[in-house]
Amino acid sequence: MPRVYKPGKVAIVLQGRQAGHKVVVIKQLDEGTKERPYPHAIVAGIERYPLKVTKRMGSKKIAKRSKVKPFIKVINYSHLFPTRYALELEGLKGVVGSETFKEVSQREDSKKQIKKLLEDRYTSGKNKWFFQPLRF
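A brief structural summary. None of these values were measured; they are calculated from a predicted model.

So, the pairing of strand S1 (residues 9–13)
For a regular strand, side-chain orientation follows a simple rule: the groups alternate between the two sheet faces. Of all five residues in S1, five are buried, a share of seventy percent or more. On S1, burial covers both faces: Lys-9, Ala-11 and Val-13 on one face and Val-10 and Ile-12 on the other are all buried. Direction of pairing for S1 relative to strand S5 (residues 80–86): antiparallel, over a ladder of four bridges. Within the sheet, the bridge partner assigned to Ala-11 lies in S5 and is Pro-82. In the sheet, S1 pairs with strand S2 (residues 22–29) via three bridges, with the strands oriented antiparallel. If you follow Ile-12 over to S2, its bridge partner there is Lys-22.

Conventions we followed
Residues numbered from 1 in each chain as written. Predicted model: local features only at pLDDT ≥ 70, side-chain atom pairs only at ≥ 80, totals over all residues. Heavy atoms only, no water. Buried < 20%, exposed > 50% of the residue type's maximum accessible area, 1.4 Å probe, protein only. Helix = DSSP H or I, 4+ residues; strand = E, 2+ residues; numbered from the N terminus. Pairing = 2+ DSSP bridges.

Right, dumping it as structure tokens:
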């Protein structure tokens with residue numbers, strides 16, 4: 001069976017609080033672990049998408065509306081829907097690991113780093129489709 005969830009692959013969350021949100025797979029664990037004996041992936045996604053920006057807005061308002069609120073989560077494969085897209089964020093791979101979820105301070109630090117990476121990607125204008133919420 002081919003590996004569907006490779007690092008950098010974009011997926012959509014199907015179940016839970018972040019259902020309908022886009023995520024990027026950071027690390028995949030096809031066989032599972034001792035604590036989680038099912039196939040799962042460590043993902044980073046967008047909890048709050050940036051708002052629409054127009055030409056008439058000032059730079060302060062544009063900066064405020066361009067903010068992204070990220071989340072990191074361990075999600076079961078059966079709760080993810082893979083897409084054909086991939087996001088090549090090199091900085092994400094070293095930021096989140098399985099030990100990140102043990103302490104709240106580590107989780108907050110990694111969220112801040114992911115937020116910076118995603119906001120840089122958004123302001124550069126790359127992968128615009130990733131920063132728009134799904135409409136269904």
